[in-house]
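Chain by chain, the residues run as shown.
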Amino acid sequence: YGDHRDLHLCDRRQRQMCIRDRSSCDETGIAIYDDEQGLLAHQLYSQVKVHADYGGVVPELASRDHVRKTLPLIDAAFAQAGCGPEDLDGIAYTAGPVLCVD
């Protein structure tokens, strides 16, 4: 991952492209954004059907489904955007616990 100074994330004179992961209790979303071209890709997976029989979100099922779906969504977003990890300047992600399962 190298020296963080190479990313120039605060240098607004350079073009910036980042990937964003947003995971809520029952949805996982991936977006790739370029500050010159705007939104390049957006992939969303909803777990509504997974939890429908239970009348609400089951944390254990939700956390496992997030793990299972995140990498395929990232791959789909890269394919939709026509870029790869080497093109990114930054990564943004959900920083706090959404689902805590022991």
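It should be noted that the structure appears before, not after, this text.
What counts, and at which threshold
Residues numbered from 1 in each chain as written. Predicted model: local features only at pLDDT ≥ 70, side-chain atom pairs only at ≥ 80, totals over all residues. Heavy atoms only, no water. Helix = DSSP H or I, 4+ residues; strand = E, 2+ residues; numbered from the N terminus. Expected span 1.5 Å × (residues − 1). Bend = angle between axes of the 7 residues up to and from the residue. Buried < 20%, exposed > 50% of the residue type's maximum accessible area, 1.4 Å probe, protein only. Contact = heavy atoms within 4.5 Å. Pairing = 2+ DSSP bridges. Axes fitted to C-alpha atoms, helices over the stretch in contact; angles between N-to-C directions. Core = buried A, V, L, I, M, F, W, Y, C linked by side-chain atoms within 4.5 Å. Salt bridge = Lys/Arg side-chain N within 4 Å of Asp/Glu carboxyl O.

*Asks:* An account of helix 2 (residues 59-81) is needed here, citing residue identities and associated values.
*Replies:* Its 23 residues give helix 2 an end-to-end C-alpha distance of 31 Å, which sits within 8% of 33 Å, the value for a rise of 1.5 Å per residue. Of all bends in helix 2, the biggest is about 35°, found at Lys69, and the proline Pro72 comes one to four residues later. Buried within helix 2 are the following residues: Ala62, Ser63, Asp65, His66, Thr70, Leu73, Ala77, Phe78 and Ala81. The secondary structure elements touched by the buried residues of helix 2 are strand 1 (17-23), strand 2 (27-34), strand 3 (38-46) and helix 1 (48-51).

*Asks:* Account for the sheet that holds strand 2, naming residues and giving values.
*Replies:* Pairing within the open sheet is mixed, and its four strands lie in the order 3-2-1-4. Two strands in the sheet have a free side with no partner beyond their single neighbour: strand 3 and strand 4 (90-92). Averaged over all adjacent pairs, the angle separating strand axes in this sheet is 10°, with direction ignored. Here strand 1 pairs with strand 4 via three bridges, running parallel. For Arg20, the partnering residue across the bridge sits in strand 4 and is Ala92. Against the sheet, helix 2 touches strand 1, strand 2 and strand 3, its axis set at about 150° to strand 3.

*Asks:* Any chance you could break down the nonpolar core for me, citing the residues and the numbers?
*Replies:* Ranked by size, the top nonpolar core spans 13 residues in total, and within it Met17, Ile19, Ile32, Phe78, Ala81 and Cys83 carry the most contacts. Those elements that provide at least two residues to this core are strand 1, strand 2, strand 3 and helix 2. Broken down by element, the residue count for this core peaks at four residues, all from helix 2. In contact with Phe78, other than residues within four places in its own chain, are Ile19, Ile32, Cys83, Gly84, Pro85 and Leu88.

*Asks:* I'd like a description of the pairing of strand 2, backed by residues and values.
*Replies:* In terms of burial, strand 2 is a largely internal element, six of the eight residues being buried. Where strand 1 and strand 2 come together, seven bridges link them in antiparallel fashion. Its bridge partner lying in strand 2, Ile19 is registered against Ile32. What sits between strand 1 and strand 2 in their antiparallel hairpin is a turn of three residues. Strand direction decides the pairing type here: strand 2 and strand 3, joined by eight bridges, are antiparallel. Directly across from Ile32, in strand 3, lies its bridge partner Ala41.

*Asks:* Could you give an account of the pattern of salt bridges, with specific residues and numbers?
*Replies:* If you walk through the whole model with that rule in mind, you get two salt bridges. Note that Arg64 is salt-bridged to Glu60, the shortest N-O span being 2.3 Å. Placement of both Arg64 and Glu60 in helix 2 is noted, with a separation of four residues, approximately one turn of the helix. Overall, Arg64 belongs to the exposed group, its relative accessible area being 57%.

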